Amino acid sequence: MIKITRLMLRDVLKKYKSHKVIDHVSLKIEDSGIWALVGPNGVGKTTLLNCICNIIPINSGKIELLGESNKNFKVFEKISYLQDNTILFNYLTGYDHLKYVCDSHRLPKRRIQEVVEYVGMENYLHKKVGTYSLGMKQHLLVAISIVNRPKLLFMDEPLNGLDPSSSILMRKILFDLVEQGTTVILSSHNLAEIDRVTNQIIFIKDGKLIEIDRNEYTETRYVFKLSNQVLANKLLLDSGYTIQQEKDAIIVTIGEEDLNDCIQIIQNNGVTILDLQKEVTGSEKLYTKFFGK
Ligand SMILES: Nc1ncnc2c1ncn2[C@@H]1O[C@H](COP(=O)(O)OP(=O)(O)OP(=O)(O)O)[C@@H](O)[C@H]1O
């Protein structure tokens, strides 16, 4: 089977007057999965996504989506772009928006019901968008962007402003999409959320793209809550472990291979482990490396 390249940028230049926001950039993504586009405010994330989706023109270079030029309107039947909520109309309902998108993709009406149930927006589907909270608007945007079962999905800041249950839902949606073979390219500032959804990070800096595999930067830490924190701290320090003391927990930065040893040291000396959590960090450290504090 011939594999179709999902996204291809060749020597793309986008400038405003002399300001090169995207400076002769090339990129190729061939697989399904999640890629995070990361960089400080104003660095060009939205501009890049808008250029890719042919919402704004580029000055030079070439962009292909699913093996076709991004100027070929037809290719967008299998592509979606979740923009910010300014694209929504306050005087229309969620249903109106979904009906319009379904009709333009020539999808049956039952597809609306499917995505509405999947995203969990039954209760406010028929209310005007002007009455929606930020989170409700975000759910509608997600529903709109997945209604056509995209092979390629661009998302501008989809992880912003979500409450914990919406964040969990968003992660589930992202993982489901990848399982169905979708390539997702999302921009985000939320580094903790990025760490939870992908290892594939593209930093954007000075108009250039820097592709990173976060696996190389990942750090695992274990947060212990203990019956005798002072004693456990001393025991682990004496054994040569690096400890960070918190008010009601100690954090040990170790790989999985050392976890058992730590547990043994603690438990063999009569200290009870009340709680143990694993934390994986990576993007924040990387971000600081590239962009400073
Ligand atoms: N229409 C425009 N005319 C002139 N400059 C523009 C225009 N649109 C964007 N810019 C500039 O291009 C740069 C990139 O903006 P962009 O909105 O893409 O950044 P961003 O990384 O998405 O920022 P944020 O994280 O704040 O959303 C900024 O310096 C911005 O001022």
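Residues numbered from 1 in each chain as written. Predicted model: local features only at pLDDT ≥ 70, side-chain atom pairs only at ≥ 80, totals over all residues.

In the annotation of an unreviewed UniProt entry, the chain is listed under the name ABC transporter ATP-binding protein and assigned to Cerasibacillus quisquiliarum. One UniProt comment on the chain, placed under Sequence similarities (unreviewed entry), says "Belongs to the ABC transporter superfamily." (UniProt positions renumbered as here; feature names shortened; annotations may be inferred.)

Participant: Tell me what's going on with the sheet that holds strand 14 (residues 273-281), and back it up with residues and numbers.
Facilitator: The strands making up a sheet are joined through hydrogen bonds of the backbone, oriented either antiparallel or parallel. Read across the open sheet, the 4 strands follow the order 12-13-11-14; overall the sheet is antiparallel. Two strands bound the open sheet, and with one partner strand each, they are strand 12 (243-245) and strand 14. Between one strand and the next, the sheet's axes are offset by a mean angle of 25°, whatever the strand orientation. (Pairing = 2+ DSSP bridges. Helix = DSSP H or I, 4+ residues; strand = E, 2+ residues; numbered from the N terminus. Axes fitted to C-alpha atoms, helices over the stretch in contact; angles between N-to-C directions.)

Participant: How would you explain the sheet that holds strand 8 (residues 183-187) if you had to name every residue and give the values?
Facilitator: Taken in spatial order, the 6 strands line up as 6-7-8-3-9-10 in an open sheet, and their pairing is mixed. Of all the strands in the sheet, just strand 6 (79-82) and strand 10 (208-213) have a single pairing partner and so form its edges. Going from strand to strand, the sheet's axes swing by 20° on average, the running direction of each strand aside. Looking at chain direction, strand 3 (residues 33-38) and strand 9 (residues 200-205) are connected through 3 bridges and run parallel. Looking across to strand 9, one finds that A36 is bridged to I201.

Participant: Please provide a residue-by-residue account of the nonpolar core, values included.
Facilitator: Ranked by size, the top nonpolar core spans 54 residues in total, and within it A36, L37, A143, F154 and V184 carry the most contacts. Membership of the second largest hydrophobic core comes to 7 residues, among which are F224, I250, C262 and I266. (Core = buried A, V, L, I, M, F, W, Y, C linked by C-beta atoms within 7 Å. Buried ≥ 20, exposed ≤ 12 C-beta atoms within 10 Å, placed from the backbone.)

Participant: Any chance you could break down the packing of helix 2 (residues 94-104) against helix 4 (residues 134-146) for me, citing the residues and the numbers?
Facilitator: At their nearest, the axes of helix 2 and helix 4 sit 9 Å apart, and the two run at 15° to each other. By the criterion of interaxial angle, the relationship of helix 2 to helix 4 is roughly parallel. By crossing handedness, the relation of helix 2 to helix 4 is classed as right-handed. Between helix 2 and helix 4, the residues in contact are G94, H97, L98 and V101 and L140, A143 and I144, respectively. Looking at the contact of helix 2 with helix 4 residue by residue, the classes come out as 5 nonpolar, 2 polar and no charged. (Parallel < 35°, antiparallel > 145°, perpendicular 65-115°, else oblique. Left-handed = near helix turned anticlockwise from the far one by under 90°. Contact = placed C-beta atoms within 7 Å. Nonpolar A, V, L, I, M, F, W, Y, C, P; charged D, E, K, R; others polar.)

Participant: Explain unusual backbone geometry to me, and be specific about the residues and the numbers.
Facilitator: At D11, a residue that is not glycine, the phi angle is positive and equals roughly 55°. Mapped onto the secondary structure, D11 falls in strand 1 (residues 7-16). Despite not being glycine, D206 has its phi angle at roughly 50°, a positive value. Relative to the helices and strands, D206 resides in the loop between strand 9 and strand 10.

Participant: Help me get a handle on the site of the ligand, residues and values and all.
Facilitator: All residues in the neighbourhood of the ligand are listed as Y16, V21, G39, N41, G42, V43, G44, K45, T46 and T47. Of all the elements, helix 1 (residues 45-52) adds the most residues to the shell around the ligand, at 3 residues. (Near = placed C-beta within 6 Å.)

Participant: Pulling in residues and values, what's your account of the packing of helix 3 (residues 110-119) against helix 4?
Facilitator: The N-to-C vectors of helix 3 and helix 4 enclose an angle of 135°; their axes lie 10 Å apart at closest approach. What the angle tells us is that helix 3 and helix 4 run oblique. The chirality of how helix 3 crosses helix 4 is right-handed. Where helix 3 abuts helix 4, its residues V115, V116 and V119 lie against H139, V142, A143 and I146. For the contact of helix 3 with helix 4, the residue count by class is 6 nonpolar, 1 polar and no charged.

Participant: So what's going on with the domain arrangement of the chain? Residues and values would help.
Facilitator: Buried accessible area, meaning the area lost when the parts come together, often serves as the stated size of an interface. Partitioning the chain into structural domains gives domain 1 (7-216) and domain 2 (219-291). Relative to domain 2, the C-alpha centre of domain 1 lies at a distance of 37 Å. Opposite the 10 residues of domain 1 that make contact, domain 2 presents 9 residues. Broken down by secondary-structure element, the contributors of at least two residues to the side of domain 1 that touches domain 2 are helix 6 (191-197) and strand 9. Of the residues assigned to the side of domain 1 that touches domain 2, the class counts are 7 nonpolar, no polar and 3 charged. (Domains from an automatic or database assignment.)

Participant: Help me get a handle on helix 3, residues and values and all.
Facilitator: Every buried residue of helix 3 is accounted for by I112, V115, V116 and V119. Along the axis of helix 3, the buried residues cluster in a sector spanning 105°; they form a single face. For helix 3, the exposed residues lying more than 90 degrees away from the buried face are R110 and E117. Elements that come into contact with the buried residues of helix 3 comprise helix 2 and helix 4. Positive backbone phi, approximately 75°, marks G120, located one or two places after helix 3. (Arc of directions from axis to C-beta.)

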